[in-house]
Structures are given as structure tokens and as C-alpha cells.
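# Inside the fold
Take a look at the letters that make up each chain.
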Amino acid sequence: MTTAPTPVPSDASAAQSGGGAPGPATPATAPATATTVHAEAPRPTKSPAKSRTKRRSGGSRAWLAALPLILFFAIGFGLPAIAIAIGAFTTSTDAPDGGGTFTLDNLTGSLQGAYWTALWGSVKLSLLTALIATVVGLPLAQAVATSRFRAFREAVMSASGVLANFGGVPLAFMFVATLGNAGEVTQKFGLTKHGWNLYTFSGLSVVYLYFLVPLMVITITPALEGLKAQWREAAYNNGATGVQYWRHVALPVLLPSLLGGFVLLFGASFAAYATAEAMVGSSVPLISMQIGDALSGNVLVGQGNLALALGLDMIVVACLVMAVYLPLQRRSAKWLA
């Protein structure tokens with residue numbers, strides 16, 4: 001009598017039984033390979049709700065960090081602006097009716113006669129000096145941005161940071177001592193014989209350029225550094241010259257930054273007071289000089305609210321300037337990021 005052969009468990013069956021007693025007989029499978037494939041554990045994914053919560057908490061922390069600046073702006077600018085707006089539309093306290101009544105005389109008076117001449121003079125001075133500083137500051141900033149000497153670049157940027165904030169009476173005294181009627185440079189080169197006079201509109205423009213040009217260098221240098229070298233190489237590879245590269249590539253990209261810098265220089269020149277007051281006084285009609293005279297009563301007594309109306313005119317001009325500057329800044333940041 002013959003018996004059936006005893007089935008021998010395969011390697012897969014032995015592996016499944018964990019090396020213990022052999023399990024039930026199974027048919028032989030494909031031979032096991034030398035390598036073992038390990039299943040990769042799935043990575044945990046972030047819940048959308050948790051991500052939104054994290055973003056909200058980050059945004060709230062950012063607002064808390066900016067809260068001191070917001071409070072400072074509200075107290076240092078918001079409250080005075082509200083007080084100026086209220087005073088510009090009310091009568092002065094020394095009026096026959098006791099003051100405090102609503103009126104439009106202050107605002108209409110600020111746009112007539114000598115006050116309108118002063119406002120237009122400040123606008124013309126700011127436009128001229130900002131334009132010249134933009135044209136002169138761009139090549140200087142380009143020379144700094146492309147310089148291979150780090151010491152030269154750091155020296156120019158440091159000097160620009162100092163000169164851009166140098167103004168007031170010290171700046172006026174420096175120019176009076178050098179380019180005034182009895183100044184050293186004026187006497188040495190005989191500038192008065194050629195019609196030079198520091199205490200005029202042209203002389204004041206030269207003084208303003210002393211701090212506007214360095215301010216333009218500081219403003220436009222980061223934009224110049226943002227120009228990618230690949231753009232220049234692509235232009236040269238396509239047969240463009242240096243002038244064509246600047247005309248068709250660089251200047252269109254830099255135009256928002258240039259206009260933004262121009263607007264910033266306009267605001268700096270428009271708000272300057274101490275330098276003009278110390279150097280030319282009332283010989284050059286400026287809106288800031290008229291505000292000072294109205295507040296001090298040098299011309300007419302009781303014109304404090306008219307001075308507030310003149311200040312409101314300046315705030316309106318500044319708001320228009322900022323309305324132009326902010327969109328230009330966002331557009332330039334998109335290209336130069």
C-alpha cells in the first residue's frame with residue numbers, strides 16, 4: 001500500500017507562520033526575491049482648518065506688533081489733522097461773535113492773492129528740484145549699484161544717508177558762508193558779476209538739491225540692484241546696444257520706481273521750512289513761510305485759522321502725492337521682487 005507524500009511548506013508559508021509550526025499546506029508560489037519592499041507610511045497632512053487658524057493667529061500677532069506704530073500715527077498725525085480741519089472751517093476765537101462758527105472764508109482766502117502765489121511757488125519749487133534730483137541721482141545710483149568696490153559703495157550710501165537728513169539752519173549757514181553775496185566761493189570766482197544771487201528762487205533750488213540728490217540715490221539704488229543680469233544678457237544676445245537696453249528694458253521696469261522717487265522728493269521739498277526761513281525769509285513766496293507769518297501775526301493779527309486752512313491745503317497736496325506714490329511702489333515691487 002502506498003501513501004501520499006507529505007506536503008512540505010513553502011518559504012512564504014513559513015514566513016507567514018512566523019517561523020513556528022508549519023501551517024496548512026499551500027501551493028508553491030513564485031520564488032521570493034532577495035529584496036523586501038517596505039510600504040511607506042503616509043505622511044500626515046495639515047488640516048485646512050488648522051492652517052486657517054494658524055494664519056489668523058499670525059495676522060493677529062502682526063497687528064499687535066504694529067499697534068504702537070498705529071497709535072503713534074493716530075496721535076501724532078491723526079489728531080492734529082482733525083484739529084486743523086476743524087479750525088480751517090471755523091472762525092477765529094478773536095472774532096466779534098466769539099469764534100467757533102462754521103465758515104468757508106478761511107479756505108477761500110487761502111486760495112487767493114498772496115497765499116495762492118505762495119502755494120503755487122512751493123509747487124513750482126518742489127517740481128523743479130524733484131525733477132533735477134531725479135535726473136542727477138539716477139546715474140549716480142547706477143554707478144554705486146554697479147561698482148565692484150564695496151568700500152566705495154558703503155561710503156557713498158553712508159554719506160547719502162547723512163546728507164539726505166542734513167537741513168535747516170546749519171545747511172542755510174553753510175551755503176551763505178560759501179555761495180552768499182560775501183561767501184568764499186562767490187568772492188573768489190566773482191559770481192555776483194555773472195548774475196548769481198543765492199537769495200532767489202534759483203539759489204534756493206540749488207540748496208534744496210544738496211539733500212534731494214542723496215535722497216534720490218538712497219531711494220533708487222535698491223531698484224537698480226533688482227534689475228536681473230539675465231535681462232541685460234538676453235538683450236545683448238539679441239543684438240541690442242546699451243542705449244537700447246536702457247530704453248526698452250531697464251527704464252520701463254524702473255519707471256514706477258523713478259516716479260515714486262520723484263513723488264517722494266516732491267514731498268520732501270514741499271514740506272521743507274527751516275532752510276528757506278533761515279536763508280531767504282519772505283523774499284521767495286512759499287506756503288510754509290505764509291503759514292509761519294500767519295501763526296506769528298507778522299502780517300495780520302488773528303489769522304490763526306487762516307494758517308490752519310493753509311495747512312489743510314498742504315495736507316491735501318500731500319495726500320494727492322501719496323495717492324500717486326503707493327500704487328507706483330506696489331507696481332515696481334512686483335517687477336523687482
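Residues numbered from 1 in each chain as written. Predicted model: local features only at pLDDT ≥ 70, side-chain atom pairs only at ≥ 80, totals over all residues. Heavy atoms only, no water.

### A look at the overall build of the protein chain
When its secondary structure is counted, the protein chain shows 13 helices and 0 strands. Each helix and strand of the protein chain, placed in order from N terminus to C terminus, yields the pattern α-α-α-α-α-α-α-α-α-α-α-α-α. Expressed as a percentage of its 337 residues, the buried residues of the protein chain come to 31%. Long-range contacts, defined as pairs at least 24 residues apart, comprise 66% of the intrachain contacts of the protein chain with a sequence gap of at least 6. Accessible surface computed for the protein chain: about 21300 Å², of which carbon and sulfur atoms make up 67%. (Helix = DSSP H or I, 4+ residues; strand = E, 2+ residues; numbered from the N terminus. Buried < 20%, exposed > 50% of the residue type's maximum accessible area, 1.4 Å probe, protein only. Contact = heavy atoms within 4.5 Å. Areas by Shrake-Rupley, 256 points an atom, 1.4 Å probe, with all protein chains shown as cover.)

### Observations regarding the packing of aromatic side chains
Tallying each qualifying case throughout the model produces 8 aromatic pairs. For the ring pair Y245 and W246, a centre distance of 6.0 Å and an interplane angle of 75° mean the geometry is edge-to-face. Judged by relative accessible area, which is 1%, Y245 ranks as buried. Pairwise contacts between aromatic rings join F166, F175 and Y210 into one cluster. (Phe/Tyr/Trp six-rings, centres within 6.5 Å; stacked < 30°, edge-to-face > 60°.)

### Notes on the pattern of salt bridges
Enumeration over the complete set of coordinates arrives at 2 salt bridges. Note that R150 and E154 form a salt bridge whose closest N and O atoms lie 2.8 Å from each other. In this pair, R150 and E154 are both assigned in helix α5 (residues 150-163), 4 residues apart and thus about one turn of the helix distant. A residue is classified by how much of its surface remains accessible, and R150, at 66% relative accessible area, is exposed. When the shortest N-O distance is used, the salt bridge between E225 and R153 registers 2.0 Å. One end of the pair, E225, is in helix α8 (residues 201-225); the other, R153, is in helix α5, with 72 residues separating them in the sequence. A residue is classified by how much of its surface remains accessible, and E225, at 41% relative accessible area, is partly exposed. Since its relative accessible area comes to 27%, R153 is described here as partly exposed. (Salt bridge = Lys/Arg side-chain N within 4 Å of Asp/Glu carboxyl O.)

### Concerning the environment of W120
One can find W120 in helix α4 (residues 113-145). Note: C-alpha distance between W120 and P285 (165 residues apart in sequence) is 8.7 Å.

### Examining a nonpolar patch on the surface
There is a patch of nonpolar side chains on the surface, built from W63, L64, L67, I70, L71, I75, L79, I82 and I86 and spanning about 960 Å² of accessible area. Looking at the element boundaries, L67 is found in helix α2 (residues 48-88). (Patch = residues over 30% accessible without salt bridge, like charges linked within 9 Å, V, L, I, M, F, W, Y side chains within 5 Å.)

### Regarding the confidence of the model for the protein chain
Summarising the model, the protein chain shows a mean pLDDT of 79, and 76% of its residues fall at 70 or more. The low-confidence segment residues 1-39 (pLDDT under 50) makes 6 contacts with residues lying over four places distant or belonging to another chain. (pLDDT = per-residue confidence, 0-100.)

### Structural notes on the packing of α4 against α8
In a pair of packed helices, the angle between the axes and the distance between the axes together describe the arrangement. It is the contact of α4 with α8, at a shortest axis distance of 6 Å, that shows an interaxial angle of 45°. Considering their axes alone, α4 and α8 lie oblique with respect to each other. Handedness of the crossing formed by α4 with α8: right-handed. The residue inventory of the contact of α4 with α8, partitioned by class, reads 20 nonpolar, 7 polar and 2 charged. (Axes fitted to C-alpha atoms, helices over the stretch in contact; angles between N-to-C directions. Parallel < 35°, antiparallel > 145°, perpendicular 65-115°, else oblique. Left-handed = near helix turned anticlockwise from the far one by under 90°. Nonpolar A, V, L, I, M, F, W, Y, C, P; charged D, E, K, R; others polar.)

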